Amino acid sequence: MTTLISPYQRIGRDIGVIHFGLGAFHRGHQAVYFDDALRNGLGEWGIYGISPRNAAVTDLLRRQNFLFTVNERQGNQQNPKVVSSILNGALFDLEHPDLILAAKSPELKMMTLTVTEKSYLSGAESSSMPNRILDILEIRYRAELPAPTLISCDNLPENGSFLRNVLLQSASQRNLDQDFQNWLAELSTPNSMVDRIVPAITSDSINQFEKDFGYRDESLISTEPFRQWVVAPHATTYNLTKLGIEVADDVAAYEQLKLRLFNGAHSSTAYFSQLSNVEYVYQAMQIPQWESFISELQSELSKSFVAPVGVDVASYSATARFRIANSAVAHRSAQIAMDGSAKLPQRLFKAMNSLALLEQSRERVAFAIALWMRFLQSELMLVDPLADALRERARSSDPVAQVMQTPGLRDAVVESQWPLINHYLHELENHQPIDMAANF
Ligand code: CS2
């Protein structure tokens, strides 16, 4: 890859960030913020990237010196940029000298994570996410160096507190040195809200990019122009706002806003698309009845929480619909439909429960949940940590009750609301999803 050139000096720099989970989302989101920081001379923000399971990602990146293109796309516009903030990286290996160097870097400021929702529920095995993070932190602790700030960039409400709890729990289960456990308890783990549509890349996009720009990038990222990162205030000496990261007291409100109005709409569109034989979610948004259903679903969802101060919920919702409808970003409905049991609690179930408590209308939310259950009943490919149990329960004679009581499912919809979901699930046996959506 001789065509990719970094706009700044990379050799000899200290690592500023260790990142865990080198998927497309990290490369199209956090890596871009840190790349901007390096371009603007804001200090050492170079990343050491760890791939938890898949050596292919780091091997591919290494072959191109960890340089890759992020192509921002909207309509006919393309805006490719070479990102060079990942300085080094490898498959997780505690003995790897580069990982040890990174963990002991005098400039280490942060450890960030994108490991997907389900990894936070992973068990006690040594390869689980919490245990691996603990192993890295222990290197830092033993070297008596200052603790980094830990920032979860996964789509979970109160992701920082969630991460903190799983780490402390694993440390105590493993009976780790009490002084290390005390050090961990002092770690700063601010909650954070991250947002950008970054689908898994397809070979078609790589080929098309080569035709358009004259070079081939096997690590290409295709994304939208929009991006947002909001972090709760925490004890650090560096100024995140200079990096374009918003620091806000009410991060929980931003998380709910995004998880319900964006991701809730996204997941609902994904299950609708799966059941309607629609490959990409932007195609579903081109169906006027579906677009208007989503708009009404968002207004129902918006009554389930208190929005952040100063945010206009109607225009936030409209922007979310516009973003999902971006036809230049090919996001497969099958990809978004994965891991529903780990996503829907924060995207739809909790909203449904709050709306019931507040005695607000919730028919559209119930219908969206019924779409997921119909998807579980179908023959469509199901990728989910609870796949077997969910499929069997969804096909039983009392599917809603059975699915909602699946062991391992968090924040299930409360029993009083099951009949409403059941009603739509029955209707779906005889009606097309689009006809039902149009009838609200
Ligand atoms: C998507 C998200 O796959 C999914 O579940 O809803 O990855 C979504 O694209 C991002 O959260 C956008 O910030």
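Residues numbered from 1 in each chain as written. Predicted model: local features only at pLDDT ≥ 70, side-chain atom pairs only at ≥ 80, totals over all residues. Heavy atoms only, no water.

Draft legend 1. Structural detail: the packing of helix α11 (residues 288–302) against helix α15 (residues 363–377). At a closest axis distance of 8 Å, the pairing of α11 and α15 adopts a crossing angle of 115 degrees. As α11 packs across α15, the resulting crossing turns out to be left-handed. Contacts from Trp290, Phe293, Glu296, Leu297, Glu300 and Leu301 in α11 reach Glu363, Arg364, Val365, Phe367, Ala368 and Leu371 in α15. Looking at the contact of α11 with α15 residue by residue, the class counts come to eight nonpolar, no polar and four charged. (Axes fitted to C-alpha atoms, helices over the stretch in contact; angles between N-to-C directions. Helix = DSSP H or I, 4+ residues; strand = E, 2+ residues; numbered from the N terminus. Left-handed = near helix turned anticlockwise from the far one by under 90°. Contact = heavy atoms within 4.5 Å. Nonpolar A, V, L, I, M, F, W, Y, C, P; charged D, E, K, R; others polar.)

Draft legend 2. Examining the sheet that holds strand β3 (residues 68–74) more closely. Taken in spatial order, the three strands make up an open sheet running β4-β3-β9, and their pairing is mixed. Every interior strand has two partners, whereas the edge strands, β4 (77–83) and β9 (221–223), have only one. Recorded for the sheet is a direction-independent mean angle of 20 degrees between the axes of neighbouring strands. Both β3 and β4 contribute to a ladder of seven bridges, which runs antiparallel. Bridge assignment links Phe68 to a residue of β4, and that residue is Val83. Across the sheet, helix α8 (residues 203–213) touches β3 and β4, and the angle it forms with β4 is around 95 degrees. (Pairing = 2+ DSSP bridges.)

Draft legend 3. Spatial organisation of helix α3 (residues 55–63). Among the residues making up α3, those that are buried are Val57, Thr58 and Leu61. Buried residues of α3, viewed axially, fall in a sector of 90 degrees; they line one side. Of the surrounding elements, those touching the buried residues of α3 are α1 (24–28), β2 (46–51), β3 and β5 (86–91). For α3, the capping residue at the N-terminal end is Asn54, with a side-chain oxygen 3.0 Å from the backbone nitrogen of Ala56. (Buried < 20%, exposed > 50% of the residue type's maximum accessible area, 1.4 Å probe, protein only. Arc of directions from axis to C-beta. Polar contact = N/O pair within 3.5 Å; in protein donor to acceptor, adjacent residues only side chain to side chain.)

Draft legend 4. Inspection of the site of the ligand at higher detail. Neighbouring residues of the ligand: Asn155, Asp195, Arg196, Lys258, Phe262, Asn263, His266, His331, Ile336, Lys343 and Arg347. In the environment of the ligand, an oxygen atom lies 2.8 Å from a nitrogen or oxygen atom belonging to the side chain of Lys343. Sorting the residues of the shell around the ligand by element identifies α9 (251–275) and α14 (340–357) as the ones contributing at least two each. Its residues assigned to classes, the shell around the ligand comprises two nonpolar, four polar and five charged. Looking at which domains feed residues into the shell around the ligand, each of domain 1 (15–247) and domain 2 (251–438) gives three or more. (Near = heavy atom within 4 Å. Domains from an automatic or database assignment.)

Draft legend 5. Quick look at empty space enclosed by the protein. Enumeration according to the criterion identifies five cavities of 30 Å³ or more in this entry. There is about 50 Å³ of room inside the largest cavity. Listing elements by their share of the lining of the largest cavity, those giving two or more residues are β3 and α8. Top element by residues in the lining of the largest cavity is α8. It accounts for four residues. For the lining of the largest cavity, a count of residues per class yields two nonpolar, five polar and two charged. (1 Å grid on protein atoms, 1.4 Å probe; cavity = no way out; pocket = protein on both sides within 12 Å on 5 of 7 lines; lining within 4 Å. Points joined across faces, edges and corners; volume = space filled by probe spheres on them.)

Draft legend 6. Layout of the packing of aromatic side chains. Tallying each qualifying case throughout the model produces 20 aromatic pairs. For the pair Phe349 and Trp372, a centre-to-centre distance of 5.8 Å together with 55 degrees between the ring planes defines the contact as tilted. With Phe349 in helix α14 and Trp372 in helix α15, this residue pair connects regions lying 23 residues apart in the sequence. Judged by its relative accessible area of 0%, Phe349 falls in the buried class. Aromatic rings pair up to connect Phe272, Trp290, Phe293, Phe367, Tyr424 and Phe440 into one cluster. When the ring centre of Trp45 is taken as reference, the NZ or CZ atom of Lys109 above it lies at 5.1 Å. In this structure, Arg227 packs its charged tip against the face of Tyr33, placed 4.4 Å from the ring centre. (Phe/Tyr/Trp six-rings, centres within 6.5 Å; stacked < 30°, edge-to-face > 60°. Lys NZ or Arg CZ within 6 Å of the ring centre and 35° of its normal.)

Draft legend 7. Main features of the layout of surface pockets. Estimated volume of the second largest pocket: approximately 390 Å³. Along its surface, the second largest pocket is lined by 18 residues, and Arg10, Gly12, Arg13, Leu87 and Asn88 are the ones closest to its centre. Examining the composition of the lining of the second largest pocket, we find that three residues originate from one element, helix α4 (residues 97–103), more than from any other. Tallied by class, residues from the lining of the second largest pocket come to eight nonpolar, six polar and four charged.

Draft legend 8. Here's a closer look at the sheet that holds strand β10 (residues 228–231). Ordered by their spatial adjacency, three strands build an open sheet running β8-β10-β11, and the pairing between neighbours is mixed. With partners counted over all chains shown, the strands left at the sheet margins are β8 (192–195) and β11 (246–247), one partner each. Note: β8 against β10, four bridges, orientation antiparallel. Note that in β10 the partner of Asp195 across the bridge is Gln228.

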